[in-house]
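Notes for the structure review
Here is what each chain is made of, one letter per residue.
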There are 2 protein chains.
Amino acid sequence: MDKTFLVTGAAGFIGSSLARNLINNGNKVITIDNLSTGYETAIPEGVGFYKGNCQDYNIVKQLEKYSFDAIFHIAGQSSGEISFDDPVYDLQTNAQSTLLLLKLALKTNCKKFIYASTMSVYGDQLDTKVNESAILKPKSFYGVGKIASEHYLRIYQQYGIDCTALRLFNVYGPGQNLQNLRQGMVSIFLTMALKDKRILVKGDKNRFRDFIYIDDVLEAFKKALNNKFPEFKVYNVCSGISTTIENLISSILSNIDHKVLIEYSGSTLGDQFGIYGNNSLIQEELGWEPKYNLEVGLKNMVNWAINNI
Amino acid sequence: MDKTFLVTGAAGFIGSSLARNLINNGNKVITIDNLSTGYETAIPEGVGFYKGNCQDYNIVKQLEKYSFDAIFHIAGQSSGEISFDDPVYDLQTNAQSTLLLLKLALKTNCKKFIYASTMSVYGDQLDTKVNESAILKPKSFYGVGKIASEHYLRIYQQYGIDCTALRLFNVYGPGQNLQNLRQGMVSIFLTMALKDKRILVKGDKNRFRDFIYIDDVLEAFKKALNNKFPEFKVYNVCSGISTTIENLISSILSNIDHKVLIEYSGSTLGDQFGIYGNNSLIQEELGWEPKYNLEVGLKNMVNWAINNI
């Protein structure tokens, strides 16, 4: 492609995967990352790295010298549970950051902005196979910041920046952080299974989620990059399949040789009981569809994790 | 009543009116105001005044010594147009402030939180007599911050703080700022008519709004204070009547003796074309209804303004 992209959060799971993919396709990639949960070693070789916060004007203004073909804003605190620790920080990392980056896009004449939003914007929904037009009732501060960012995108669209928000459901796969036991449902359970031979589940086993494999998510970002709609768009990025926590765990364990003890207790703040998504809008409008089912995706991830934990 | 209330923004139009009303009924009132658009002289006598921003932790923590019966959070930048000047400041004044005050409520065991939200959360709506369940599409950064705050209220409700958000439509009446020509549609036109004998309208004369008199708004705050629903509630506070800009102006002028030149030009950023509200929910659930029609309200306001400009 030979273009220049800003991918914020390239020390994290999704950001580093996307940055690597773009670099491997001959593009130039710049990133901002504060390394609060990501690792400098995870930033792909060749990526220009600015260490700091995307909500920090002094960091973002350093990027005014670039001419980005698109901005992928992926950085941000990404756990509903953790957002209860410091809601003000969460607002800054997840909403103020977006404002500054949209302003950067406007100032540098960047015409494309793709945002990593989340299924956490929905909260609990009566119709759980949720589509994009559902009324939003986030249960965590994290979800609130993401909603604010989506609105900012819609406002900036009127300045001629084509903006797309991808509401990512539970993303999993190789590259997910295996050290952080408060972020990423699949990685948490898998890490516990491999390291401790014991999985502690905070919450009910009948809760359900929609798991989507990292490579499918990267494909969604690329489809969004080629999105030609001259209006703000929001898409669910999900499998459309509901999987209970109990079934997720047994699928993980089917890939592991040793015995694993499973315990259920308590719950976490702001946790959604159950949600899964309707992905027909992104299928129809961008021609995206998930290619990895949970069985294949988990097999890949467990194989990777055994060698990387 | 003999209670203690925090009313943020008591140097402003709505905050000072509410604070005066509460003081006159025998209550103790504390306020935080940054005097950015309000005036210290507007703060009613007897109100305990903390000068600063509600998004400033060092200010808010000074209030931890009080035991408030309720917090009325009214302070905040309140113009859609002005929110385009500095969207980051707008987010802080309108959303971060709410987080800090909700935290204060939790810490000091205050069980009631009433929030001044806005019709700006709606943006343009196909069904213009909008009700509270409409999908929100704010057109200004101001509206986005207010939406974030509403979500925060819903999240804090689960901690046992009864939270109500009042979506105020175009509030007008005696006490509105006659010096600030960027904030408050009725006060802007009235000031121009009285001072310059010339009204410059930024935008189309066929735009329409829902005007609600200050005394009706104060009554809505009092009804919200007595709201016994143990769940987060959002209500439109509006007349339910659509008035075009052209009709508003001729109603204002019918109260003025001298001739006034009217000119139309341009528009302002983030302006909604037309909106008016359905107020049946607050009528049914809180027994509130507007008592002042536009004719009576404007007459009162013009009489006041002539003596106070």
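Residues numbered from 1 in each chain as written. Chains lettered and ligands numbered in written order. Predicted model: local features only at pLDDT ≥ 70, side-chain atom pairs only at ≥ 80, totals over all residues.

1. Notes on the interface of chain B and chain A
- The interface of chain B with chain A comprises 19 residues on the first partner and 19 residues on the second.
- Elements with a contribution of two residues or more to the side of chain B that touches chain A: helix H4 (87–107) and helix H5 (141–157) of chain B.
- Ranked by residues supplied to the side of chain B that touches chain A, first place goes to H5 of chain B with 8 residues. (Contact = placed C-beta atoms within 7 Å. Helix = DSSP H or I, 4+ residues; strand = E, 2+ residues; numbered from the N terminus.)

2. As for the domain arrangement of chain A
All names here are of chain A.
- Each assigned domain of chain A is listed here: domain 1 (4–171 + 210–237) and domain 2 (177–209 + 242–275 + 292–308).
- When each unit is reduced to the centre of its C-alpha atoms, the spacing between domain 1 and domain 2 is 25 Å.
- Across the contact, 24 residues belong to domain 1 and 21 residues belong to domain 2.
- Looking at the side of domain 1 that touches domain 2, the elements that each hand over two or more residues are strand S11 (211–213) and helix H6 (214–225).
- When the residues that make up the side of domain 1 that touches domain 2 are grouped by side-chain class, the tally is 8 nonpolar, 10 polar and 6 charged. (Domains from an automatic or database assignment. Nonpolar A, V, L, I, M, F, W, Y, C, P; charged D, E, K, R; others polar.)

3. Remarks on unusual backbone geometry
All names here are of chain A.
- Positive phi is not limited to glycine here, since leucine 35 has a value of about 60°.
- Tracing the backbone through its elements, the reader meets leucine 35 in the loop between strand S2 (28–33) and strand S3 (48–51).
- The partly exposed category is assigned to leucine 35, around which 14 C-beta atoms lie within 10 Å. (Buried ≥ 20, exposed ≤ 12 C-beta atoms within 10 Å, placed from the backbone.)

4. So, the packing of helix H1 (residues 13–24) of chain B against helix H7 (residues 214–225) of chain B
Residues and elements named next belong to chain B.
- Packing of H1 against H7 leaves a shortest axis separation of 10 Å and a crossing angle of 60°. Between H1 and H7 lies a crossing whose hand is right-handed. Between H1 and H7, the residues in contact are Ile14, Ser17, Leu18 and Asn21 and Ile214, Val217, Leu218 and Phe221, respectively.
- Across the contact of H1 with H7, the residue classes break down as 6 nonpolar, 2 polar and no charged. (Axes fitted to C-alpha atoms, helices over the stretch in contact; angles between N-to-C directions. Left-handed = near helix turned anticlockwise from the far one by under 90°.)

5. Thoughts on the sheet that holds strand S1 (residues 4–7) of chain B
All names here are of chain B.
- Reading across the sheet, the 7 strands line up as S3-S2-S1-S4-S5-S7-S12 and stay open at both edges, with parallel pairing between neighbours. The two strands at the open ends of the sheet, each matched to only one other strand, are strand S3 (48–51) and strand S12 (233–237). Within the sheet, the average angular offset between the axes of one strand and its neighbour, ignoring direction, is 20°.
- For strand S2 (residues 28–33) and S3, the ladder comprises 4 bridges, and the chain directions are parallel. Residue pairing across strands places threonine 31 opposite phenylalanine 49, the latter belonging to S3.
- Its contacts with the sheet put H5 on strand S5 (112–118), strand S7 (162–168) and S12, and the angle it makes with S5 is roughly 160°. (Pairing = 2+ DSSP bridges.)

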